[in-house]
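What follows is each chain in one-letter form.
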Amino acid sequence: MAERRWDAIVIGLGIMGAAAAAELARRGVRVLGLEQHAPFHTRGSSHGKTRIIREAYFESPEYVPLVQRAYVLWQELGERTGRQVLRITGGVSIGCPDSPFIVGARESALRHGLPHELLEAQEARRRFPALAVPEEFVALVEGRAGILFAEECWRAFYEEATRSGAELRFGVTVRSFGADGDGAYVETDGGRLLAERVVIAAGPWTPGVLGQLGLPLTVRRVLVVHVLPRESELFTPDRLPIFLLDVPEGEYYGFPLLPEQGVKFGRHDSGELCTPETARRSVTDEEVRAMTAVLERYLPGAPGSVLMSVTCLYTMTPDGHFIVDRHRHWSQIVFACGFSGHGFKFAPTIGEALADLALDGRSSLPIGFLRSDRFGATQ
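Residues numbered from 1 in each chain as written. Predicted model: local features only at pLDDT ≥ 70, side-chain atom pairs only at ≥ 80, totals over all residues. Heavy atoms only, no water.

J.: Just checking my understanding: could you explain the overall build of the chain for this structure?
T.: Looking only at helices and strands, the chain has 8 helices and 20 strands in total. Against the compact-globule benchmark of 21 Å for 379 residues, the chain has a radius of gyration of 21 Å, which places it among compact chains. Judged by the C-alpha coordinates and their principal axes, the chain covers about 70 × 45 × 45 Å. Expressed as a percentage of the 379 residues in the chain, the buried residues total 58%. Here the analysis covers contacts within the chain between residues at least 6 apart in sequence; of these, 73% occur between residues at least 24 apart. Only carbon and sulfur atoms are counted for the fraction: they give 49% of the accessible area of the chain, which is about 15,000 Å². In the chain, which carries 41 positive and 47 negative side-chain charges, the distance between the mean positions of the two groups comes to 3 Å. (Helix = DSSP H or I, 4+ residues; strand = E, 2+ residues; numbered from the N terminus. Rg over C-alpha atoms; globule rule 2.2 N^0.38 Å. Buried < 20%, exposed > 50% of the residue type's maximum accessible area, 1.4 Å probe, protein only. Contact = heavy atoms within 4.5 Å. Areas by Shrake-Rupley, 256 points an atom, 1.4 Å probe, with all protein chains shown as cover. Lys, Arg positive; Asp, Glu negative; His and termini not counted. Charge placed at Lys NZ, Arg CZ, Asp CG, Glu CD.)

J.: I keep staring at a nonpolar patch on the surface and nothing clicks. Help me out?
T.: A surface patch of nonpolar side chains, about 280 Å² in accessible area, is lined by Leu228, Leu307, Met308 and Val310. Per element, the largest residue contribution to the nonpolar patch is 3 residues, and it comes from strand 18 (residues 305-316). As for its placement among the helices and strands, leucine 228 is situated in strand 13 (residues 218-228). Looking at leucine 228, the relative accessible area reads 37%, which means it is partly exposed. (Patch = residues over 30% accessible without salt bridge, like charges linked within 9 Å, V, L, I, M, F, W, Y side chains within 5 Å. Salt bridge = Lys/Arg side-chain N within 4 Å of Asp/Glu carboxyl O.)

J.: How should the nonpolar core be read in this particular structure?
T.: Nonpolar side chains in soluble globular proteins tend to end up buried together. One finds Trp74, Phe157, Val324 and Ile350 to be the most contacted residues of the largest nonpolar core, which totals 79 residues. With 9 residues, the top contributor of residues to this core is helix 1 (residues 15-26). What tryptophan 74 contacts, discounting residues up to four positions off in sequence, is Ile53, Val85, Leu148, Cys153, Phe157, Phe344, Lys345, Ala347 and Pro348. With 30 residues, the next largest nonpolar core counts Ile94, Ala121, Leu245 and Val294 among its residues. (Core = buried A, V, L, I, M, F, W, Y, C linked by side-chain atoms within 4.5 Å.)

J.: Please explain the packing of helix 2 (residues 64-81) against helix 5 (residues 150-163) as it appears in this structure.
T.: Two quantities define a packed helix pair, namely the angle between the axes and the distance from one axis to the other. The contact between helix 2 and helix 5 brings their axes to 10 Å, and the two run at 65 degrees. For the element pair helix 2 and helix 5, the recorded crossing hand is left-handed. Across from Trp74, Leu77, Arg80 and Thr81 in helix 2, the residues of helix 5 making contact are Cys153, Ala156, Phe157, Glu159, Glu160 and Arg163. Its residues assigned to classes, the contact of helix 2 with helix 5 comprises 5 nonpolar, 1 polar and 4 charged. (Axes fitted to C-alpha atoms, helices over the stretch in contact; angles between N-to-C directions. Left-handed = near helix turned anticlockwise from the far one by under 90°. Nonpolar A, V, L, I, M, F, W, Y, C, P; charged D, E, K, R; others polar.)

J.: So what exactly am I meant to see when it comes to the packing of aromatic side chains here?
T.: The relation between two aromatic rings is expressed through the spacing of the ring centres and the mutual angle of the planes. Applying the stated criterion across every chain, the model contains 18 aromatic pairs. With a centroid separation of 6.2 Å and 80 degrees between ring planes, the pair formed by phenylalanine 177 and tryptophan 330 is classed as edge-to-face. Of this pair, phenylalanine 177 sits in strand 10 (residues 174-180) while tryptophan 330 sits in the loop between strand 19 (323-326) and strand 20 (333-337); the two residues are 153 residues apart in sequence, bridging distant segments of the chain. Judged by relative accessible area, tryptophan 330 falls into the partly exposed class, the value being 26%. One aromatic cluster is present, formed by Tyr57, Tyr63, Phe322, Phe339, Phe346 and Phe369 through successive ring pairs. Looking at arginine 144, its charged tip hangs above the ring of tyrosine 71, at a distance of 4.1 Å from the centre. (Phe/Tyr/Trp six-rings, centres within 6.5 Å; stacked < 30°, edge-to-face > 60°. Lys NZ or Arg CZ within 6 Å of the ring centre and 35° of its normal.)

J.: Explain the side chain of serine 46 to me, please; I cannot follow it from the model alone.
T.: Of note, serine 46 is situated in the loop between strand 2 (31-35) and strand 3 (50-53). Polar contacts involving the side chain of serine 46 include one to the main-chain amide nitrogen of isoleucine 15, which spans 3.0 Å. Excluding anything up to four places from it in sequence, serine 46 contacts Gly14, Ile15, Arg51, Ala150, Trp154 and Phe344. (Polar contact = N/O pair within 3.5 Å; in protein donor to acceptor, adjacent residues only side chain to side chain.)

J.: What should I look at first to understand the pairing of strand 20 in this one?
T.: Here is the key point about a regular strand: its side chains alternate between the two faces of the sheet. Most of strand 20 is tucked away: 5 of the 5 residues are buried. The two faces of strand 20 match: Ile333, Phe335 and Cys337 on one face and Val334 and Ala336 on the other face are all buried. As judged from the 4 bridges shared by strand 19 and strand 20, these two strands associate in the antiparallel manner. What sits directly across from valine 324, in strand 20, is alanine 336. What sits between strand 19 and strand 20 in their antiparallel hairpin is a turn of 6 residues. (Pairing = 2+ DSSP bridges.)

J.: Just checking my understanding: could you explain the environment of glycine 14 for this structure?
T.: Relative to the elements of secondary structure, glycine 14 occurs in the loop between strand 1 (3-11) and helix 1. Put simply, glycine 14 and glutamate 151 are 137 residues apart on the chain and 11 Å apart in space, counted from C-alpha to C-alpha. Beyond its immediate stretch of four places on either side in the chain, glycine 14 contacts Glu35, Ser46 and Trp154.

Structure follows, in structure tokens:
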């Protein structure tokens, strides 16, 4: 016998699903959230202490209105929950003048009238003495970039969802889902659940969960190291903002020195193809040495002792842009996926968009460029 019909069931309670559950519940919807792992688990893409937020978005100017909405929503979430979820530090992107990091960020800044500066290497080294900027490089500086405290963000959404009446269940495996008349069903290891609408935010499990749609998704294992710098005074947030590096060794990102995480440094552009089940969760000494060698080259005072090294999963689309859409066959089911390593900062905006699609079938947010049909209908 199926359990009672809910207004909405959210499958997956990573940062995107948590944001959607909270938003739906705040709108007075009876929400059930389902997650196969424990709260704040480390097997997907939402764990860790921090994420970057930035406004001069090099990936595409189309993201700027979405991230500007996210700034507002993060601030409001922090005020409602009493949690510090956001800290503005500014940001600096380093690369050749024709680097996508530089060209794309300038295009977004110019199109949307965002304050920014373009510095020659010498001025960048003077402004940010922790950075060894090569002479042929430039630096783009933006003022509103900063740090999201990832676990605090996650906790805030859980608290908001439950305070608004949502029920969140953990350790629940979803076996299948589909249409049930005008509504939908979700089959779990504990039985069948019924709802008017279903929202799917399955992160790196999406290729299996939404396999019937044939979405062109791949999952990559990426690396992050945390170090205690030798010259800590150069790496405090008042002297070093969040930073992006587009260098011959690859694409990297990092954070200033913070309590409990040191200087965080991650690689963005490569990683082993995997699934959540096959991903190597341990990090080898060779991998750590490769990461700290790059850090040593461009932030020479940083690689002191290594605090920890961790892995994370990116769910990639071919064009690096998200997918936020209604199910091709069942309009009562909506989903978001393929965040390609840069989605966390958008979570409250994605939560709004998913709630809009689920309840109204459309959203006033400018998400048309994130539709799944840009890849063609494969099924």
